[in-house]
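Report on the structure
Listed here are the chains, written in short residue letters.
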Amino acid sequence: FGLLVVPCSVMPLIPAFQLRLNASITQGLATIGKYDGTHPCLSCATSAGKIFIHNPHQRDAENKLEMRFLNINRKMTALASGPLAASLGRDLLLVGSQTNLLAFDVEENRDVFYKEVQDGVSAMVYGSIGDAEPLCIIGGNCSIQGFDAAGNEQFWTVTGDNVLTMALSDISEDGKMELLVGSEDFDIRCFKGEEVLSEVTETDKVTGLCSVQGRRFGYCLSNGTVGIYDRFSRAWRVKSKNVATAINAFDLDQDGVPELIAGWNNGKFEGRNLRSGEVLYKDMFATPIAAILQADYRLDGRVELICCGSDGEVRGYLPTELELQETGASADEEVLRELNQRKQELLFELKNYEDNTRIIQTGKMTKGEGTLVGVPTDTKVVCQWDVNVANKCVDLVISSNNDCIVKAVIIFAEQLFDGESLLVHPKTQSSEIRVPVKSPKDIGTDLFLKVMVGSRNAETHHVFEQNYKLPRFSMFVPLGDKSGVAEPNSSVSFQTTERVNRVVMWLNNSFNISYNVESAETMKSLDVGFKSVRDGTPLWIKMNTRTQGRVIIKTDNMELAGDLLQDFCSFCQIGELESIADFEIEMERFREVLLKVEEHNATRLKMSAEMADVSNMVKALVIKAEDCRLMGEMKLMRRMYTDLYDRNRELIGEHVKRANNHTELLQALKQVNHMIQKAARLRVGMAKTRVVTSCREALKNNNMGALFKIIESGQPM
């Protein structure tokens, strides 16, 4: 799982220019924009709530490079630039914070618009999705929004969790950009407009995305993984003990294929081969890498790769041609060394096979060979899943088909084990090993096993390699006797043209069961019950061809119903599907969440008005106290400052209350967006997109009745 890369002929990178800006740079908050329409300027956020703008083409009166500072006076969470207002003919600086979005015209030193964003801004890009006009696209609390030059919302959709990173890339290669979104729920989603084209699940939080070339894109995770996807199939990945803080793509060797550029929290800066992941170039900074950008920064007609360190050091790199004559010899030596090593390994394996064959045939061993090491030629490793209700898990049972001992097993699997691997070496010798697997959520993954098998007390063992699949809903076991388990009251139902045997094939593929598909050919109906080993959640799946192929999934968990429906449509390759949802319990909870949102919004407005009144009083007291000082009325001045102290303490207390109210409001809004996401996942295709759009309109119009009807039927009111 992943690609083991052997470094070969790594070339040090030599910067074309180097700057020390003497200002710290916050990780990920850097952009390059042409704020006068001509000259590129580097803009970076600092930890002090400021943005510095460095223009290498302007100098002050002392002939020093000009540095401008903008006071934002709040914690910034995202930074971007682009010609949002095309009529101006220059770029705008786009600044995101926890509650607001600012579009700033640097050239004229004015706000173009200042927008309150309830869901916050945690990631931002400038560009167009599909055929739409270019927008400022922001990701926040389970939502994605797009704003035009006037600050009007032109795009909105929901995603599964808080957005951490975004990038625009032509994944479908149709000349139109799709939006890649990485979030805290480990998912990478690709949006074409408001429709989700595809989504893949990674092993940790997705912290970085970048377009590379065509349908390829790069990614990095919070656990130190960087890699490349070719469309939605992983091409390669590597994992480090350090954490990648920035990624980009740049053609350093001028071969027409860009390298994946990664910056790390230990200051390492490297370029990897797009096809293999091999490190080709590297450099080192004294501090963590804050951002990696590219632009024609010196206006000499050549695009530079610009790397920013968190201490304000900036280096620019130009493409370099590989010196084949210098590096060819060392590369050949490295290849020869690898081939010789592989030759020795194969010779050793061949000798073991010859010895084993001789011992099995003659039963005799030469002096010094030790114990019997051979295994019968018909030895096989058998794997199967077994439900372990007592431990609330499923056991992977690995056994041999004869008396050979299974000494140990190494399992490589994503999202199942810490470090994505597990070694099991039992104390007692047996022909069977049971490995408990507790999947934290319903995921389907492939397991790669290396099983060591040998004779009892043997010193050398045979290693069997085998792939085995964990079904996505393996934690659900079929109910033998359904009389003791009540059917769930909630359900989702939909029409399908698929026959009963196709539904049975899907059950065999996604659950830990094996129904007879041939007998299902003549079945007119289906009624199966399951129970979750994890928490005892009941699940019923029904189908009746007499009701025009209506499938009913009965569960009180709306998210589980969406996962089942999406998995069924993926298996049967269904592109469009409408459904009827009936989740009374979840909708009642949703009603309570909407009431909380309304209460928190009312409290926020009330507290803002009260704080404004107190602020005016503070301003008046400051003026009065200063007047008293000028007139020498010290006693009255002290009284004014005492009142000022009380008002200031009151303001601080109100600010704490307002911050707590805002945190609770964000949590409630996250639940609202998550409910819309769950409702959308109960449909496929345009029906899914329509649910998101209609729910947004209902929320804007404060039409809660329509919102509930849309979630239930999927149809706009």
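Cut-offs applied
- Residues numbered from 1 in each chain as written.
- Predicted model: local features only at pLDDT ≥ 70, side-chain atom pairs only at ≥ 80, totals over all residues.
- Heavy atoms only, no water.
- Helix = DSSP H or I, 4+ residues; strand = E, 2+ residues; numbered from the N terminus.
- Polar contact = N/O pair within 3.5 Å; in protein donor to acceptor, adjacent residues only side chain to side chain.
- Contact = heavy atoms within 4.5 Å.
- Pairing = 2+ DSSP bridges.
- Axes fitted to C-alpha atoms, helices over the stretch in contact; angles between N-to-C directions.
- Left-handed = near helix turned anticlockwise from the far one by under 90°.
- Nonpolar A, V, L, I, M, F, W, Y, C, P; charged D, E, K, R; others polar.
- Buried < 20%, exposed > 50% of the residue type's maximum accessible area, 1.4 Å probe, protein only.
- pLDDT = per-residue confidence, 0-100.
- Salt bridge = Lys/Arg side-chain N within 4 Å of Asp/Glu carboxyl O.
- 1 Å grid on protein atoms, 1.4 Å probe; cavity = no way out; pocket = protein on both sides within 12 Å on 5 of 7 lines; lining within 4 Å.
- Points joined across faces, edges and corners; volume = space filled by probe spheres on them.
- Core = buried A, V, L, I, M, F, W, Y, C linked by side-chain atoms within 4.5 Å.
- Expected span 1.5 Å × (residues − 1).

Some words on the side chain of Glu-270
Tracing the backbone shows Glu-270 in strand 25 (residues 268–272). At a separation of 3.2 Å, a polar atom in the side chain of Glu-270 contacts the side chain of Trp-264. Not counting residues up to four positions away in its chain, the partners in contact with Glu-270 are Leu-260, Ile-261, Ala-262, Trp-264, Val-279, Tyr-281 and Lys-282.

Some details on the sheet that holds strand 18 (residues 195–201)
The four strands are arranged 15-16-17-18 in an open sheet whose pairing can be described as antiparallel. The open sheet has two free edges, formed respectively by strand 15 (163–169) and strand 18, since each of these has just one partner strand. Direction aside, neighbouring strands of the sheet carry axes that sit 20 degrees apart on average.

Digging into the packing of helix 4 (residues 558–572) against helix 6 (residues 634–680)
At a closest axis distance of 8 Å, the pairing of helix 4 and helix 6 adopts a crossing angle of 35 degrees. Along this stretch, helix 4 crosses helix 6, giving a crossing that reads as left-handed. The segment helix 4 lies against helix 6, with Met-558, Glu-559 and Gln-566 engaging His-674, Met-675, Lys-678, Ala-679 and Ala-680. Split by residue class, the contact of helix 4 with helix 6 holds four nonpolar, two polar and two charged.

Here we look at the side chain of Ser-97
Among the secondary structure elements, Ser-97 is positioned in strand 8 (residues 92–97). Judged by its relative accessible area of 4%, Ser-97 falls in the buried class. If near-sequence neighbours (up to four positions away) are discounted, Ser-97 is found in contact with Arg-74, Lys-75, Thr-77, Gly-120 and Val-121.

Concerning the confidence of the model for the protein
Taken residue by residue, the protein gives an average pLDDT of 86. The fraction at 70 or more is 92%. Below a pLDDT of 50 lies the segment residues 1–8, which in the model reaches 24 contacts outside its immediate sequence neighbourhood of four places, other chains included. Here residues 322–329 scores under 50 on pLDDT; set against residues more than four positions off or in separate chains, the count is four contacts.

Some details on the pattern of salt bridges
Pairing between side chains becomes possible if they bear opposite charge and their charged atoms approach one another. Applying the stated criterion to the full structure yields 47 salt bridges. Across the pair Lys-700 and Glu-153 runs a salt bridge, and its minimum N-O distance is 3.3 Å. With Lys-700 in helix 7 (residues 686–700) and Glu-153 in strand 14 (residues 153–158), the pair connects residues that are 547 residues apart, well separated along the chain. The salt bridge partner of Glu-345 is Arg-342, with a shortest N-O separation of 3.2 Å. Residue Glu-345 and its partner Arg-342 are both found in helix 1 (residues 324–362); the two are separated by three residues, about one turn of the helix. Residue Arg-342 is classed as partly exposed on the basis of its relative accessible area of 43%. Look at the salt bridges and you will find they share partners, linking Asp-185, Asp-187, Arg-189, Glu-199, Arg-472, Asp-563, Asp-567 and Arg-681 into a network.

As for the pairing of strand 34 (residues 432–437)
Burial of the side chains of strand 34 is restricted to one face: Ile-433, Val-435 and Val-437 are buried, whereas none of Glu-432, Arg-434 and Pro-436 on the reverse face is. Here strand 31 (residues 393–400) pairs with strand 34 via six bridges, running antiparallel. What sits directly across from Val-394, in strand 34, is Val-437.

Overview of empty space enclosed by the protein
Counted under the stated rule, the structure contains two cavities of 30 Å³ or more. Put simply, the largest cavity is a space of about 60 Å³. Surrounding the largest cavity, Thr-157, Val-158, Phe-191, Glu-194, Glu-195, Val-196, Gln-677, Ala-680, Lys-688, Thr-689 and Val-692 form its lining. Mapped onto the lining of the largest cavity, the elements with two or more residues apiece are strand 14, strand 18, helix 6 and helix 7. Considering each element in turn, the lining of the largest cavity owes the most residues, three residues, to helix 7. Taken together, the residues of the lining of the largest cavity break down into five nonpolar, three polar and three charged. If you add up the space inside the second largest cavity, you get close to 40 Å³.

What about the sheet that holds strand 26 (residues 279–284)?
Overall, mixed pairing links the five strands, which are arranged 1-26-25-24-23 in an open sheet. Unpaired on one side and paired on the other, strand 1 (11–12) and strand 23 (244–250) mark the two borders of the sheet. Here five bridges tie strand 25 to strand 26, and the two strands are oriented antiparallel to one another. Opposite Phe-269, over in strand 26, you have Asp-283 as the bridge partner.

Considerations on the nonpolar core
Leu-507, Phe-511, Phe-530, Phe-590 and Ile-711 are the most contacted members of the largest nonpolar core, which has 57 residues in total. Each residue touching Phe-530, except ones within four places of it in the same chain, is listed here: Phe-476, Val-477, Pro-478, Leu-479, Leu-507, Phe-511, Ile-513, Thr-537, Pro-538, Leu-539 and Ile-541. Among the nonpolar cores identified, the runner-up in size contains 26 residues, and Cys-404, Val-409, Leu-416 and Val-435 belong to it.

Remarks on the environment of Leu-539
With respect to the element layout, Leu-539 can be found in strand 40 (residues 538–544). Residues within four places of Leu-539 in sequence aside, it is in contact with Phe-476, Phe-511, Val-528, Gly-529, Phe-530, Ile-553, Lys-554, Thr-555 and Leu-564.

Concerning unusual backbone geometry
The phi torsion at Gln-415 lies on the positive side, around 70 degrees, for a residue other than glycine. With phi around 65 degrees, Glu-420 is a residue other than glycine that occupies positive phi space. When you line up the elements, Glu-420 lands in the loop between strand 32 (405–412) and strand 33 (421–424).

Considering the environment of Asp-105
Looking at the element boundaries, Asp-105 is found in strand 9 (residues 100–105). If sequence neighbours within four positions are ignored, Asp-105 has contacts with Leu-88, Arg-90, Leu-92, Arg-110 and Val-112. Side-chain polar atoms of Asp-105 contact the backbone nitrogen of Glu-107, separated by 3.2 Å.

Section: helix 4
In this model helix 4 runs 21 Å from its N-terminal to its C-terminal C-alpha over 15 residues, within 8% of the 21 Å that 1.5 Å per residue would give. Of all 15 residues making up helix 4, 12 are buried, and the element is well covered by its neighbours. Those residues of helix 4 that fall on the buried side of the exposure criterion are Met-558, Leu-560, Ala-561, Gly-562, Asp-563, Leu-564, Leu-565, Gln-566, Asp-567, Phe-568, Cys-569 and Cys-572. Capping of helix 4 at its N-terminal end is provided by Asn-557; its side-chain oxygen lies 3.0 Å from the backbone amide nitrogen of Glu-559. One or two residues past the end of helix 4 sits Gln-573, with phi positive at roughly 55 degrees.

With respect to helix 5 (residues 584–631)
The end-to-end C-alpha distance of helix 5, which contains 48 residues, comes to 71 Å, matching closely the 70 Å that a straight helix rising 1.5 Å per residue would cover. After helix 5 finishes, the residue Gly-632 shows a positive phi value of roughly 80 degrees.

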